[in-house]
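Here is what each chain is made of, one letter per residue.
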Amino acid sequence: EMTKHYQVVGNPIAQSKSPFIHAEFAKQTQQVISYQRACPEVDGFAIEAQRFFGSGGLGMNVTAPFKLDAYNFADSLTPRATLAGAVNTLALQDDGSILGDNTDGYGLVTDITQQLGWTLKGKNILVLGAGGAVRGVLQLLLEQRPAQLVLANRTLAKAEALASVFTHLGPLEVVEFAALPAFPAGHFDLIINATSASLAGDLPPLPEALIAPETHCYDMTYGAQPTVFLRWAESLGAGVRADGLGMLVGQAAESFRLWHGVMPEVKPVMAALRQHLKA
Ligand code: NDP
């Protein structure tokens, strides 16, 4: 059987777990693939994508800082990628054109509702951050019909610009971090940290009253150790916490399905990746 070629593009890219995840999916579903990393200069995405698809590549994952470049590169877009304004998956179509999709929201929502079994419908949700990751998840979160979704960001104008695209989908509000103490203690059922603060070992300036024992805490960042945000939440008594490893494997699974027409099983690959991170 002919090897099919895929890759993940980002800068930096060495840390990416996507090659590991896709190799596991391929084993599981008996696909013969190669899946490489590529790290163009920050202004070099389009040239790299041309080269890759021009030399027979079939699909590409895209991570920071190139999700907007990928959006612009695609010949056509899925509705969810159009709304997100960001693309994390490119796929060669039968007619030779390139389709852009965004599977981040699918990865987050299936992790939360299916793997973790948490409920989003009717809940008060706080999302921290307004970067590329939040772009990809707002539509799918709002489609779960939360009672309220509050978006808090360090730079308010960035959150406002982002939210304006999604307000027609549900009860979406934007606040600055300084406004968070105005909410009653334990008001939020779920807090999702989508800032990159965790990567630097930082915590956004959050009031302790946000956390009640039943507050579900999710950090999109993942690693061998719990993030600062999750450790902070635990220290305040939050009993239910998760990192973004399930989101990562979930978005990869949806990309894999788009490329290969088969949905791989997420659970065993999450377990393998958890082991791999510890090693
Ligand atoms: P971006 O760079 O696009 O956005 C970063 C966001 O974090 C901005 O809202 C920024 O605020 C905020 N921020 C950064 N530092 C701080 C700080 N010290 N205090 C408060 N806010 C801060 O990143 P992404 O949206 O692409 O990614 C965010 C995180 O999510 C990353 O850690 C990434 O690894 C993770 N991620 C995980 C995925 C998964 O599958 N699990 C998928 C995608 C992302 P401001 O606007 O004010 O600059």
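Located above this text is the structure these notes cover.
A.B. asks: Which residues make up the side chain of S97, and what values do they have?
C.D. replies: Locating S97 in the fold gives a position in the loop between strand 5 (89-92) and strand 6 (98-101). Taking the relative accessible area as the measure of exposure, S97 reaches 18% and is therefore buried. Only 2.7 Å separates the side chain of S97 from the side chain of D95, close enough to count as a polar contact. Once residues within four sequence positions are removed from consideration, S97 is found in contact with D75, A91 and L92.

A.B. asks: Let's hear about the site of the ligand: which residues, and what values?
C.D. replies: Taken together, 21 residues lie around the ligand, and A130, A133, N153, T155 and T221 are the ones closest in. Here an oxygen atom of the ligand and a side-chain polar atom of N153 are 2.7 Å apart. A distance of 2.5 Å separates an oxygen atom of the ligand from a polar atom in the side chain of T155. In the complex, the protein chains occlude 79% of the 930 Å² of accessible area that the ligand would expose alone. Judged by the fraction of its atoms near the pocket grid, the ligand is located in the largest pocket. Where the shell around the ligand is concerned, the elements lending two or more residues are helix 6 (132-143) and helix 9 (245-260). In terms of residue class, the shell around the ligand is made up of nine nonpolar, nine polar and three charged.

A.B. asks: Account for the packing of aromatic side chains, naming residues and giving values.
C.D. replies: Aromatic ring pairs: the centre-centre distance and the angle between the two ring planes describe each pair. Applying the stated criterion across every chain yields a total of ten aromatic pairs. With a centroid separation of 6.2 Å and 90 degrees between ring planes, the pair formed by F45 and F73 is classed as edge-to-face. In this pair, F45 is assigned in helix 2 (residues 45-54) and F73 in helix 3 (residues 67-73), connecting sequence segments 28 residues apart. F73 sits in the buried class, given a relative accessible area of 17%. Among the aromatic residues, those joined into a cluster by ring pairs are F45, F52, F53, F66 and F73.

A.B. asks: Give a detailed account of empty space enclosed by the protein, specifying residues and quantitative values.
C.D. replies: Following the criterion strictly, the structure yields one cavity of 30 Å³ or more and no others. Considered as a void within the structure, the largest cavity measures approximately 30 Å³ in volume. Of all the elements in the fold, those that place two or more residues in the lining of the largest cavity are helix 4 (79-84) and helix 6. A per-class count over the lining of the largest cavity returns four nonpolar, three polar and two charged. For the lining of the largest cavity, the two domains that each supply at least three residues are domain 1 (4-102 + 248-278) and domain 2 (105-243).

Cut-offs applied
- By convention here, each chain's residues receive numbers from 1 onward along its written sequence.
- Residue-level local features of this predicted model are given only where pLDDT is at least 70; pairs of side-chain atoms are given and counted only at 80 or more, and the full residue set underlies all totals for whole chains, interfaces and linings.
- Excluded from the side-chain calculation are hydrogens and water; included are all heavy atoms of the structure.
- Numbering of helices and strands runs from the N terminus, with a helix taken as a DSSP run of H or I at least four residues long and a strand as a DSSP run of E at least two residues long.
- A 1.4 Å probe rolled over the protein chains alone gives each residue an accessible area, and that area as a share of the maximum for its type sets the label: buried under 20%, exposed over 50%, partly exposed in between.
- Here a polar contact means two N or O atoms within 3.5 Å. Within protein one must be a hydrogen donor candidate and the other an acceptor candidate, and residues neighboring in sequence count only if both atoms are side-chain atoms.
- Residues are treated as being in contact if the distance between any of their heavy atoms lies within 4.5 Å.
- Here a residue is near a molecule or strand as soon as one of its heavy atoms is found within 4 Å of it.
- Using a 1.4 Å probe, accessible areas were evaluated by the Shrake-Rupley method; residue-level cover was limited to the displayed protein chains.
- Of the two site types, the cavity is a set of points on a 1 Å grid over the protein atoms alone where a 1.4 Å probe fits but cannot get out, and the pocket is an open set with protein on both sides within 12 Å along at least five of seven lines, each lined by residues with an atom within 4 Å of a point.
- Occupancy of a cavity or pocket is assigned to a molecule whenever over half of its atoms lie within 2 Å of that pocket's grid points.
- Under the grouping applied here, Gly and all other residues not named as nonpolar or charged are polar, the nonpolar ones being Ala, Val, Leu, Ile, Met, Phe, Trp, Tyr, Cys and Pro and the charged ones Asp, Glu, Lys and Arg.
- Under the pairing criterion, centres of Phe, Tyr and Trp rings, with the six-membered ring standing for Trp, must be within 6.5 Å; the plane angle then separates stacked pairs below 30 degrees from edge-to-face pairs above 60, leaving the rest tilted.
- Grid points are joined across faces, edges and corners, and a volume is the space filled by probe spheres set on the points.
- Marked domain ranges trace back to an automatic or database domain assignment.

None of the figures reported here should be taken as evidence of function without further support.
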